[in-house]
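So the chains spell out like this:
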Amino acid sequence: MKTDLRRIFNISGAKQEFEYEIPMSELERLKGYDFAGPVMVSGLFYNRADVVHMDYSVRFTLNIVCDRCLKELQGEYTYDFEHIVVSSVNKDNDDFIIADNYRVDVNEIALSDLLLELPTKLLCMDECKGLCSKCGCDLNESECDCQK
Ligand SMILES: [Zn+2]
Ligand SMILES: [Zn+2]
């Protein structure tokens, strides 16, 4: 789905909020991640001093298996992204999003941002202590004598 930004490009100070949902079927591209539902994308396009910005955040829930303790659970994630949108390709810079004919595909942008940002190791919590390498007990829940 494309969003038309002609008005934003033409009017200094203009703003446009947006909210999209990336359906499960499109999330298959993010291989190795088990999404519990669609990804919610919401944000704002705005023109400040004739520069068009895109600030947005994504929200989603993943079914994860903790990389350290192997616990299965659902984790909620939020990421924020900021871009500058340009209307032509005369600047050869990957940092910019190019609005071809003043249109951008928000879901496409969000998917490629997520692809770069999603962690390769998912943990149940940052401080997860993991499993004892000797007896296999969950060190978050109990202490074993193996280390002593
Ligand atoms: Zn864990
Ligand atoms: Zn142990």
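If you're wondering where the values come from, they're calculated on a predicted model, not measured in any experiment.

Rules behind the numbers
Residues numbered from 1 in each chain as written. Chains lettered and ligands numbered in written order. Predicted model: local features only at pLDDT ≥ 70, side-chain atom pairs only at ≥ 80, totals over all residues. Heavy atoms only, no water. Donors = N, O, S within 2.8 Å, 3.2 Å for Na, K, Ca; no water. Tetrahedral: all angles 85-135°; square planar, octahedral: opposite > 155°, others 65-115°. Helix = DSSP H or I, 4+ residues; strand = E, 2+ residues; numbered from the N terminus. Buried < 20%, exposed > 50% of the residue type's maximum accessible area, 1.4 Å probe, protein only. Salt bridge = Lys/Arg side-chain N within 4 Å of Asp/Glu carboxyl O. Phe/Tyr/Trp six-rings, centres within 6.5 Å; stacked < 30°, edge-to-face > 60°.

Q: It is not clear to me how the coordination of the zinc ion (ligand 1) should be interpreted in this structure. Could you clarify?
A: In an ideal tetrahedron of four donors about a metal, each angle is 109.5 degrees. In an ideal octahedron of six donors, the angles are 90 or 180 degrees. Around the zinc ion (ligand 1), the protein contributes the donor atoms Cys66 (SG), Cys69 (SG), Cys124 (SG) and Cys128 (SG), which lie 2.3 Å from the metal centre. In this structure, the zinc ion (ligand 1) is coordinated by four donor atoms arranged in tetrahedral fashion, with angles at the metal of 106 to 112 degrees. Site description for the zinc ion (ligand 1): donor spacing in sequence, C-x2-C-x54-C-x3-C. Here cysteine 66, found in the loop between strand 5 (51–65) and strand 6 (72–86), pairs with cysteine 128, found in the segment after helix 2 (106–117); they are 62 residues apart in sequence, far enough to count as distant. For cysteine 128, a relative accessible area of 4% corresponds to the buried category.

Q: I would appreciate a short explanation of the pattern of salt bridges in the present structure.
A: Proximity of charged atoms lets side chains of opposite charge pair with each other. Counted by the stated rule, this structure contains four salt bridges. For lysine 121, the salt bridge identified is with aspartate 67, shortest N-O distance 3.8 Å. Here the residue lysine 121 occupies a position in the segment after helix 2, and aspartate 67 occupies one in the loop between strand 5 and strand 6, the gap between them amounting to 54 residues. A salt bridge links lysine 71 to aspartate 138; its shortest N-O distance comes to 4.0 Å. Taken as a pair, lysine 71 in the loop between strand 5 and strand 6 and aspartate 138 in the segment after helix 2 lie far apart in primary sequence, 67 residues in all. When its relative accessible area of 32% is taken as the criterion, lysine 71 is described as partly exposed. With a relative accessible area of 14%, aspartate 138 lands in the buried category.

Q: Quick question: what am I supposed to make of the packing of aromatic side chains here?
A: Ring pairs (aromatic) are described by centroid distance and by the angle formed between their planes. For the coordinates displayed, the defined rule picks out nine aromatic pairs. Judged by centre distance (6.5 Å) and plane angle (45 degrees), the rings of phenylalanine 18 and tyrosine 56 are tilted. With phenylalanine 18 in strand 2 (residues 15–22) and tyrosine 56 in strand 5, this pair connects stretches of sequence that are 38 residues apart. Note on accessibility: phenylalanine 18 and tyrosine 56 belong to one class, buried. Here the aromatic rings of tyrosine 79 and phenylalanine 81 are separated by 6.4 Å at their centres, their planes lie at 25 degrees, and the arrangement is stacked. Overall, phenylalanine 81 belongs to the buried group, its relative accessible area being 9%. An aromatic cluster of three or more residues is present, and its members are Phe18, Tyr20, Phe35, Phe45, Tyr56, Phe60, Tyr77, Tyr79 and Phe81.

Geometric descriptors of this kind do not, in isolation, establish any biological role.
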